Amino acid sequence: MDRGVTNPVRILVVDDDPGDVLMIEEALADSEIAKVIDVVGDGQEAMEFLRREGRHVDARRPDVILLDLNMPRMDGRQVLGEVKRDDDLRTIPVVVLTTSNADTDIVGSYSLQANAYVTKPIDLDDFNDVVRRIDEFFGRVVVLPKRS
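All values derive from a computational prediction rather than experimental measurement.

Visitor: What am I meant to see in the overall build of the chain here?
Guide: Counting its secondary structure elements, the chain contains 5 helices and 5 strands. Put simply, the chain runs from its N terminus to its C terminus through helices and strands in the order β-α-β-α-β-α-β-α-β-α. Against the 2.2 N^0.38 benchmark of 15 Å for 148 residues, the chain shows a C-alpha radius of gyration of 14 Å, consistent with a compact globule. Projected onto its principal axes, the C-alpha positions of the chain cover 35 × 35 × 25 Å. Sequence-distant contacts in the chain: of pairs separated by 6 or more residues, those separated by 24 or more amount to 70%. As presented, the chain carries roughly 7700 Å² of accessible surface, and 49% of it is formed by carbon and sulfur atoms. Across the chain, the mean location of the 19 positive side-chain charges is 7 Å away from that of the 30 negative side-chain charges.

Written out as structure tokens, the structure reads:
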């Protein structure tokens, strides 16, 4: 179910690590799935983007969010909680993509209604493979809610 060029998948990457963001962008760029990638560097900016506030008044609603947990100002747990409590945002799938493999983070993320929890691999090839699988799943396999 490829969305084609006319209706690309919109992905919001929320991560404060420029190296991880670059690796995510490169892994996503390697796929044939049409997509638009927006990047914000922390949770507070993510909420401004999602609510179209401040410098993000023209932001487009993402189809899926890739969310790191450990960030300054507002961490991923707080973002996840706010997104899933917001009637306008809760239907956006959120994939927690983080270095933490702590049970408390995994259980906590699912308790906050994360749609998936993925630990960032340390190996570059493994990292690229994981991101490509997320891209394939949300770009071709699942049916995403229509954007509002």
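Visitor: For this particular structure, what's the right way to read helix α2 (residues 43–50)?
Guide: Since the α-helix packs 3.6 residues into each turn, any two residues three or four apart lie on the same face. Along α2, 6 of the 8 residues are buried, which leaves the element largely enclosed by surrounding structure. On its buried face, α2 sits against β1 (9–14), β2 (35–40), β3 (64–67) and α3 (76–85). With a side-chain oxygen positioned 3.0 Å from the backbone nitrogen of Gln44, the residue opening α2 is Asp42. Just downstream of α2 lies Arg52, where phi reads positive at about 55 degrees.

Visitor: Help me understand the packing of aromatic side chains in this model?
Guide: Applying the stated rule across the entire model yields 1 aromatic pair. Ring geometry for Phe137 versus Phe138: centroids 5.1 Å apart, planes at 85 degrees, classification edge-to-face.

Visitor: What's the story with the pattern of salt bridges in this structure? I'm lost.
Guide: Scanning the model with the defined rule gives 15 salt bridges in all. Where Glu45 meets Arg55, a salt bridge forms, and the shortest distance between an N and an O atom there is 2.4 Å. With Glu45 in helix α2 and Arg55 in the loop between α2 and β3, this residue pair connects regions lying 10 residues apart in the sequence. Note on Glu45: relative accessible area 11%, which makes it buried. Take Arg55: its relative accessible area is 66%, and that puts it in the exposed class. Among the salt bridges present, the one from Asp68 reaches Lys120, with a minimum N-O distance of 3.8 Å. In this pair, Asp68 sits in the loop between β3 and α3 while Lys120 sits in the loop between β5 (116–119) and α5 (124–141), placing the two residues 52 residues apart along the sequence. Exposure class is identical for Asp68 and Lys120. Each is buried. Ionic contacts of the salt-bridge type, sharing partners, join the residues Asp15, Asp20, Asp68 and Lys120 into one network.

Visitor: Explanation requested: unusual backbone geometry in the structure shown.
Guide: When glycine is set aside, most residues are seen to have a negative phi, and most peptide bonds are trans. Notably, Arg52 is not glycine yet its phi reads approximately 55 degrees, a positive angle. In this structure, Arg52 sits in the loop between α2 and β3. Unlike most non-glycine residues, Gln113 shows phi in positive territory, near 75 degrees. Within the secondary structure layout, Gln113 lies in the loop between α4 (103–111) and β5.

Criteria and cut-off values
Every residue gets a number counted from 1 within its own chain, in the order that chain's sequence is written. Local features in this predicted model are restricted to residues of pLDDT 70 or higher, and side-chain atom pairs are both shown and tallied only at a pLDDT of 80 or more, whereas totals for entire chains, interfaces and linings draw on every residue. To obtain the side-chain values, all non-hydrogen atoms of the structure were included, while hydrogens and water were left out. Secondary structure elements are defined from DSSP: runs of H or I of at least 4 residues count as helices, runs of E of at least 2 residues count as strands, and each element is numbered from the N terminus. Two things to know: the radius of gyration comes from C-alpha atoms, and the globule rule equals 2.2 Å times the number of residues to the power 0.38. We call two residues in contact whenever any of their non-hydrogen atoms come within 4.5 Å of each other. Shrake-Rupley sampling with a 1.4 Å probe provides the accessible areas, and residues are treated as covered by the protein chains on show and by no other component. Charged residues are defined narrowly, with Lys and Arg counted positive, Asp and Glu counted negative, and His plus the chain ends left uncounted. Positions of charges follow a simple convention, taking NZ of Lys, CZ of Arg, CG of Asp or CD of Glu. Type-normalised accessible area, obtained with a 1.4 Å probe on protein chains alone, sets the label of each residue: buried when under 20%, exposed when over 50%, and partly exposed for intermediate values. Any pair of N or O atoms that falls within 3.5 Å is considered a polar contact. Within protein, one atom must be able to donate a hydrogen and the other to accept it, and sequence-neighbouring residues count only if both atoms are side-chain atoms. In summary, the pairing rule links any two rings of Phe, Tyr or Trp, Trp by its six-membered ring, whose centres are within 6.5 Å, and it sorts them by plane angle into stacked for under 30 degrees, edge-to-face for over 60 and tilted for everything else. Salt bridges are defined by distance alone: a side-chain nitrogen of Lys or Arg within 4 Å of a carboxyl oxygen of Asp or Glu.

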